[in-house]
Amino acid sequence: MDRVAIVGLGQTTYERRKEATFEELVFEAATAALSDAGADIAAIDNIVTVSNDFWDGRTISSMAIQDAAGSWGKDISTVEGDGTFGVLYGLMRILSGSFRTTLVVAHVKGSEGVMNLITNAMFDPIYQRALGIDATSSAALQARAYMGLSGATEEDFAYVSVKNHKNALGNPYAQVAREITVGDVLASRKVADPLKLLDCSPVSDGAAAVVLASGEGLKRFKRNPVWIRGVAHCSDAYTLGYRDLARPRALRQSAQQAYAMAGIKDPARDLDLAEIYDAYSYMELMWYEGLGLAPEGGGAALIRSGRTQIEGEIPVNPSGGVLSAHPVLVAGLARIIEAVLQIRGEAGARQVKRAQTALAHGINGPCGQAHCVFILGA
Amino acid sequence: MGKRVAVVAFGQTYQKSSRKDVNGVELINEAVRACLADAEMSIRDIGAIVIGNMDHFEGINYVDMWSVEGSGGVMKPILKVTTGGTTGTTVAMCAYYHVASGLFDRVLAIGWEKNSESDTTGAIITAFSPFWERPNVGGAIAGLAVEASKYMHNFGVTERDGARIAARERIHALNNPYAQIHENWMQGMDVNTIVDLIVTSEQNQMLAYPLRMSDMCPRTDGAAAAIFASEDVAERIAPVPAWVAGTANRHNYVYLGDIDWDHNDTLEGASRAVFEKAGIREPLKEISVCELYLPYSYAGLKWMESIGFCGPGEGPKLAWDGVTDMGGELPVNPSGGVMSSNPIGATGLIRVGEAALQIMGRAGARQVNRKVEYALTTGFGGCGWADVMLLGRARPS
């Protein structure tokens, strides 16, 4: 793969309810990314936007934000899925040789929709929707399946919530940042057994953007590049009953392909940090295993060991992760942005030591059906 | 630098107003199987999948995830792209970039829609600003009616000119077994007589002046799939691959009220970019056949000017002179086009697939009577948006 770099980053803060419109959020994030790169929209050859018609309550959800993304007179397309998949498409467009730079921008306003209904619409309309199944109740089934496989307990899940909400205190963009105890998590309101309120990510509003550039394209910018070393994506089966919900084989395949591309042999040793899509606390433990940071069934032991703490050997979600802000679609892009900030050494209070190589991860579909894994390096 | 890319296989369902015998996943599966059979390939040979539709027509969120058991995406890389009416061409472009990037050699592009499950115009209206445009002009028809009125005013164009395009598209569709609309009464009839009948028919309901039922595309249940392959494998899959000579799009607008109706500047911009890349100087002479996303009749007049096939106001002459008929200098839409079948998320991909068949010489009764060097395809959607993909017989330099 030819070399493509991330050279500009922009995020809005993530909040429960923002007054700004979709256009204003996109404009804020895109402008911030261009400004971070040290250029303006004239330096951008093409654009990939990321949005979802259900979350926006608009058909052709990208239509509302074309001008805010700076599309006038430029080639532009829209990915409907997590922001990591948007960056992947932006990368392909540069690798094709047609463009030297891509702006990728994602937005969502969770506050304008009803999460339960929007995620209920992911499920089979004939047999499943009427049961009321949604992102959280399906995740609860997965958490149970994972507990059965691994022996992990609700207390183990709580350790993830405690770590990530504490890490978020160092992240000015995070929405839910606080010191909590395992007892607080266990005592929080039950949402869908075994998940409690503090096991679940919040509903969030926000936008994020990155600027990608080829080696030639980099000459237009002032920033030092962070390179994309490896990337892969993969989807598991859709029907929950067709999947082994406790074993994230699509993540395993994506990770192994991305590692091979990036020359990573032992991820726990070769990666300096990981920003992963912990929409629910238990997911972080499962993704440890899918990413090869822990053996199958070893996620709980890894969180308990403290090695994924911000000062540990392989810090995971030093930003506070998705548990601390969950702008759907934007969240994976935020993982990439956080990984780049760490490699740049610009992560402020959440900076980990010696961050040279980082992993960023996004998911699509119910219970992490599809995964996209990026390896980024200085 | 990137890889050269060709379309090597195409499959589609028979386009129908309603397919109650299948659900969406089964419909997708029909097109995928047809395409794989066309390529003499198995789903195991496919490296990645790109899929697109418009969510609110079927009410399914995360369609790429929901459909993997029909699309063949289980344990494969799959990506969803969607841009409204341009979705089908957007899918084609995305598959092109997948292969051109060098990351994948064989990519399956899928577009589909089951419009019978939707209130199509009701859904499209929500694409527009809830404050400024939904109450007055939003939806599929109103903006086009404004465009047609302005075009008629500027150049003295008549309803007969519009009907001439409607007649052409429906006459061509008679050669296409996959088309939804087969106006069998037009078979063998003089085109002037057809036009007279269209414009005088009392049953031809006015929708928004000057657009009548006959001027508009239908809504369709259907799916299409194409395989895009790299230069390393294309010629092993298809004896005559349809090479992508260039592709570009322009999606400039958010508000219909911002559009300069005297021009179609998105189609102009995207066409210019593609012609420049492919070295096309005289489109009318160099392009052998077109599969254009013409959602309504007057687009077949005005947008020919935007692409550069003729000068401003000359679209009607091109049509009446028969230039764009099957035997003419530049046959447009041998398939019958969008006005004969419109499964929205698939519509643009069908243009690309039909153009590829023309280059391959495999279009059956709708095959044009010459060797096709270049076939031009377009997509239309969103708020006056345009996608353009040019396919060619020659491997790009």
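Every chain begins its residue count from 1, and numbering advances along the sequence as written. To read the labels, note that chains go from A and ligands from 1, taken in the order they are written. At least 70 in pLDDT is required for a residue's local features to be given in this predicted model, at least 80 for side-chain atom pairs to be given and counted, and no such filter applies to totals for whole chains, interfaces and linings, which use all residues.

**Description of the overall build of chain B**
Turning to step 1, where the next piece is worked out: If you tally the helices and strands in chain B, you get 15 helices and 11 strands.
Turning to step 2, where the next piece is worked out: Just to be clear, the radius of gyration here is over C-alpha atoms, and the globule rule we use is 2.2 Å times residues to the power 0.38. Relative to a compact globule of 397 residues, whose C-alpha radius of gyration would be 21 Å, chain B shows 19 Å and is just as compact.
Turning to step 3, where the next piece is worked out: Each of the three principal axes of chain B carries a C-alpha extent, and together these read 55 × 45 × 40 Å.
Turning to step 4, where the next piece is worked out: Of the contacts formed within chain B by residues at least 6 apart in sequence, a portion of 80% connects residues at least 24 apart. Under the DSSP-based scheme used, a helix requires at least four consecutive residues in state H or I and a strand at least two consecutive residues in state E, with every element numbered from the N terminus. A pair of residues counts as a contact when their C-beta atoms, built from backbone coordinates, are separated by no more than 7 Å.

**Examining the overall build of chain A**
Turning to step 1, where the next piece is worked out: Assigned secondary structure in chain A consists of 12 helices and 11 strands.
Turning to step 2, where the next piece is worked out: In terms of overall size, chain A behaves like a compact globule, its C-alpha atoms giving a radius of gyration of 19 Å where 378 residues would be expected to give roughly 21 Å.
Turning to step 3, where the next piece is worked out: By its C-alpha atoms, chain A is 55 × 45 × 35 Å across when sized along the principal axes.
Turning to step 4, where the next piece is worked out: Here chain A holds 378 residues, and the buried ones make up 65% of them.
Turning to step 5, where the next piece is worked out: In chain A, of all internal contacts separated by at least 6 residues, the share reaching a separation of at least 24 is 77%. The burial label depends on the number of other C-beta atoms within 10 Å of a residue's C-beta. Counts of 20 or more mean buried, 12 or fewer mean exposed, and intermediate counts mean partly exposed, with C-beta atoms placed from the backbone.

**A word on the packing of helix α5 (residues 87-100) of chain B against helix α15 (residues 344-360) of chain B**
Residues and elements named next belong to chain B.
Turning to step 1, where the next piece is worked out: Where α5 meets α15, the closest approach of the two axes is 5 Å, and the angle between their N-to-C directions is 55°. Compared by their axis directions, α5 and α15 come out oblique. Mapping the contact onto sequence places Thr87, Gly88, Thr89, Thr90, Val91 and Ala92 in α5 and Ile344, Gly345, Ala346, Thr347, Gly348, Leu349, Ile350, Arg351 and Val352 in α15. Note on geometry: axes are lines fitted to C-alpha atoms, helical ones only across the stretch in contact, with angles between N-to-C directions running from 0 to 180 degrees. In these notes the angle categories are as follows: under 35 degrees is roughly parallel, over 145 is roughly antiparallel, 65 to 115 is roughly perpendicular, and the rest is oblique.

**Thoughts on the pairing of strand β11 (residues 385-392) of chain B**
Residue and element names in this part refer to chain B.
Turning to step 1, where the next piece is worked out: Buried residues dominate β11, accounting for 8 of its 8 residues.
Turning to step 2, where the next piece is worked out: Residues Trp385, Asp387, Met389 and Leu391 of β11 are buried on one face, and the alternating residues Ala386, Val388, Leu390 and Gly392, pointing to the opposite face, are buried as well.
Turning to step 3, where the next piece is worked out: The sheet contact formed by strand β10 (residues 374-381) and β11 spans 8 bridges and is antiparallel. Each bridged residue has a counterpart across the sheet, and for Thr377 the counterpart in β11 is Met389. Pairing between two strands requires that DSSP report at least two bridges joining them.

**Things to note about the environment of Val26(A)**
Residue and element names in this part refer to chain A.
Turning to step 1, where the next piece is worked out: Position of Val26 relative to the elements: it lies in helix α1 (residues 22-37).
Turning to step 2, where the next piece is worked out: The exposure class of Val26 is buried, given the 30 C-beta atoms found within 10 Å.
Turning to step 3, where the next piece is worked out: Separated by 38 residues in sequence, Val26 and Ala64 have C-alpha atoms that sit 9.9 Å apart.
Turning to step 4, where the next piece is worked out: In contact with Val26, not counting residues within four places along its chain, are Ile65, Ala68, Ala69, Val105, His107 and Ala207.

**Remarks on the sheet that holds strand β3 (residues 78-80) of chain B**
All names here are of chain B.
Turning to step 1, where the next piece is worked out: Spatially, 9 strands are ordered β3-β2-β4-β7-β1-β8-β11-β10-β9 in an open sheet, and the strand pairing comes out mixed. The strands lining the two open edges of the sheet, one partner per strand, are β3 and β9 (289-291). Geometrically, the sheet is characterised by an average inter-axis angle of 30° between neighbouring strands, direction not taken into account.
Turning to step 2, where the next piece is worked out: Across 7 bridges, the pairing between strand β1 (residues 5-12) and strand β7 (residues 221-230) is antiparallel. Note that in β7 the partner of Val7 across the bridge is Phe228.

**Observations regarding the sheet that holds strand β4 (residues 101-109) of chain A**
All names here are of chain A.
Turning to step 1, where the next piece is worked out: A sheet is described by the order of its strands in space; here 9 strands give the open sequence β3-β2-β4-β7-β1-β8-β11-β10-β9, paired in mixed fashion. The sheet is open, and its two edges are formed by β3 (75-79) and β9 (273-275), each paired on a single side. Between one strand axis and the next, the sheet turns through 25° on average, direction left out of account.
Turning to step 2, where the next piece is worked out: Seen against the sheet, α1 touches β1 (4-11), β4 and β7 (205-214) and runs at an angle of roughly 130° to β1.

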